[in-house]
Amino acid sequence: QKRYEYEGAMYYAEGNYDLALKSYTSLIELNKGINSFESVINNADYFAFIGRVNNDQGKPSAALDAFTNAAKTYRSNYDTLNWAKVQNDMAYSHYKLANYSKCMSYTDSAMQKLLLINDFNNAGYSKSLQGSCYWELGKYDSAVVAHKESIVLRKKASNFSGQAHSWKSIGELYLLS
């Protein structure tokens, strides 16, 4: 297990994402054979990582496949935090695919869970992503409201860069009007 994990991490650090994903895929297959509780949870984490790498590489459809596997495991094991985070990741994939209604549906679901466990930072990310969807749909007033709500949530989490992102988005929206 450690061999594939270290190998994947080294390839990722080198920027060799295809080989990193190949190593993590081999690790997932090995863990499926072990089938312990720990290996199942680890696989969910690896699937989430693979999804994020695919999103970063401009492959949101491939990312959704990996995120779906992670979400199923987190949900069935009552891991609310990671389930909600993966829903935000899935929302971002849908955003990149210009499927804004699905994006907002996933962010709504994630935000509800995140607020229940007082994760204001990730809930603020959900709201900011909704603001970006409204922007793309030409609903600028709604985008401003969503980004302002994101700022409030991220302020509670002391996330200054997240607040700055939403302030920047609001500024850009005002330039359009």
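Residues numbered from 1 in each chain as written. Predicted model: local features only at pLDDT ≥ 70, side-chain atom pairs only at ≥ 80, totals over all residues. Heavy atoms only, no water.

### Here we look at helix 6 (residues 100-116)
Right, on to step 1. In this model, helix 6 (17 residues) spans 24 Å end to end at C-alpha, consistent with the 24 Å of a helix rising 1.5 Å per residue.
Right, on to step 2. Of all the residues in helix 6, the buried ones are Y100, C103, M104, T107, S109, A110, M111, K113 and L114.
Right, on to step 3. Contacts from the buried residues of helix 6 go to helix 5 (80-96), helix 7 (120-136) and helix 8 (140-156).
Right, on to step 4. Looking one or two places after helix 6, you find N118, whose phi comes out positive at around 60 degrees. (Helix = DSSP H or I, 4+ residues; strand = E, 2+ residues; numbered from the N terminus. Expected span 1.5 Å × (residues − 1). Buried < 20%, exposed > 50% of the residue type's maximum accessible area, 1.4 Å probe, protein only. Contact = heavy atoms within 4.5 Å.)

### Here we look at the side chain of Q163
Right, on to step 1. As for its placement among the helices and strands, Q163 is situated in helix 9 (residues 160-176).
Right, on to step 2. Not counting the four nearest positions on each side in its chain, Q163 is found in contact with I151, R154, K155 and S158.

### Comments concerning the packing of helix 8 against helix 9
Right, on to step 1. Taken N-terminus to C-terminus, the directions of helix 8 and helix 9 make an angle of 160 degrees; their axes are 9 Å apart at the nearest point. Considered as vectors, helix 8 and helix 9 are oriented roughly antiparallel to each other. At the point where helix 8 passes helix 9, the crossing takes the left-handed sense. Two secondary-structure elements touch here, helix 8 through Y140, A143, V144, H147, K148, S150, I151, R154 and K155 and helix 9 through G162, Q163, H165, S166, W167, S169, I170, L173, Y174 and L176.
Right, on to step 2. When the residues that make up the contact of helix 8 with helix 9 are grouped by side-chain class, the tally is nine nonpolar, seven polar and three charged. (Axes fitted to C-alpha atoms, helices over the stretch in contact; angles between N-to-C directions. Parallel < 35°, antiparallel > 145°, perpendicular 65-115°, else oblique. Left-handed = near helix turned anticlockwise from the far one by under 90°. Nonpolar A, V, L, I, M, F, W, Y, C, P; charged D, E, K, R; others polar.)

### Side note on the packing of aromatic side chains
Right, on to step 1. Taken as a whole, this structure holds six aromatic pairs when the rule is applied.
Right, on to step 2. When the ring of Y24 is compared with that of Y46, the centres are 5.6 Å apart and the planes differ by 40 degrees; the resulting orientation is tilted. Note that Y24 is positioned in helix 2 (residues 17-34) and Y46 in helix 3 (residues 37-56), a separation of 22 residues in sequence.
Right, on to step 3. According to the relative accessible area criterion, Y46 is buried, its value standing at 11%.
Right, on to step 4. Where Y24 meets F49, the ring centres are 4.9 Å apart and the plane angle is 55 degrees; that geometry is what we call tilted. One end of the pair, Y24, is in helix 2; the other, F49, is in helix 3, and 25 residues separate them in sequence.
Right, on to step 5. On the basis of relative accessible area, Y24 is assigned to the buried category, the value being 8%.
Right, on to step 6. Ring pairs connect the aromatic residues Y12, Y17, Y24, Y46 and F49, which therefore count as one cluster. (Phe/Tyr/Trp six-rings, centres within 6.5 Å; stacked < 30°, edge-to-face > 60°.)

### Topic: unusual backbone geometry
Right, on to step 1. You will see that Y78, though not glycine, has its phi angle at about 55 degrees, which is positive.
Right, on to step 2. Within the secondary structure layout, Y78 lies in the loop between helix 4 (60-76) and helix 5.
Right, on to step 3. Notably, N118 is not glycine yet its phi reads approximately 60 degrees, a positive angle.
Right, on to step 4. When you line up the elements, N118 lands in the loop between helix 6 and helix 7.
Right, on to step 5. Among the residues examined, N118 registers a relative accessible area of 52% and is labelled exposed.

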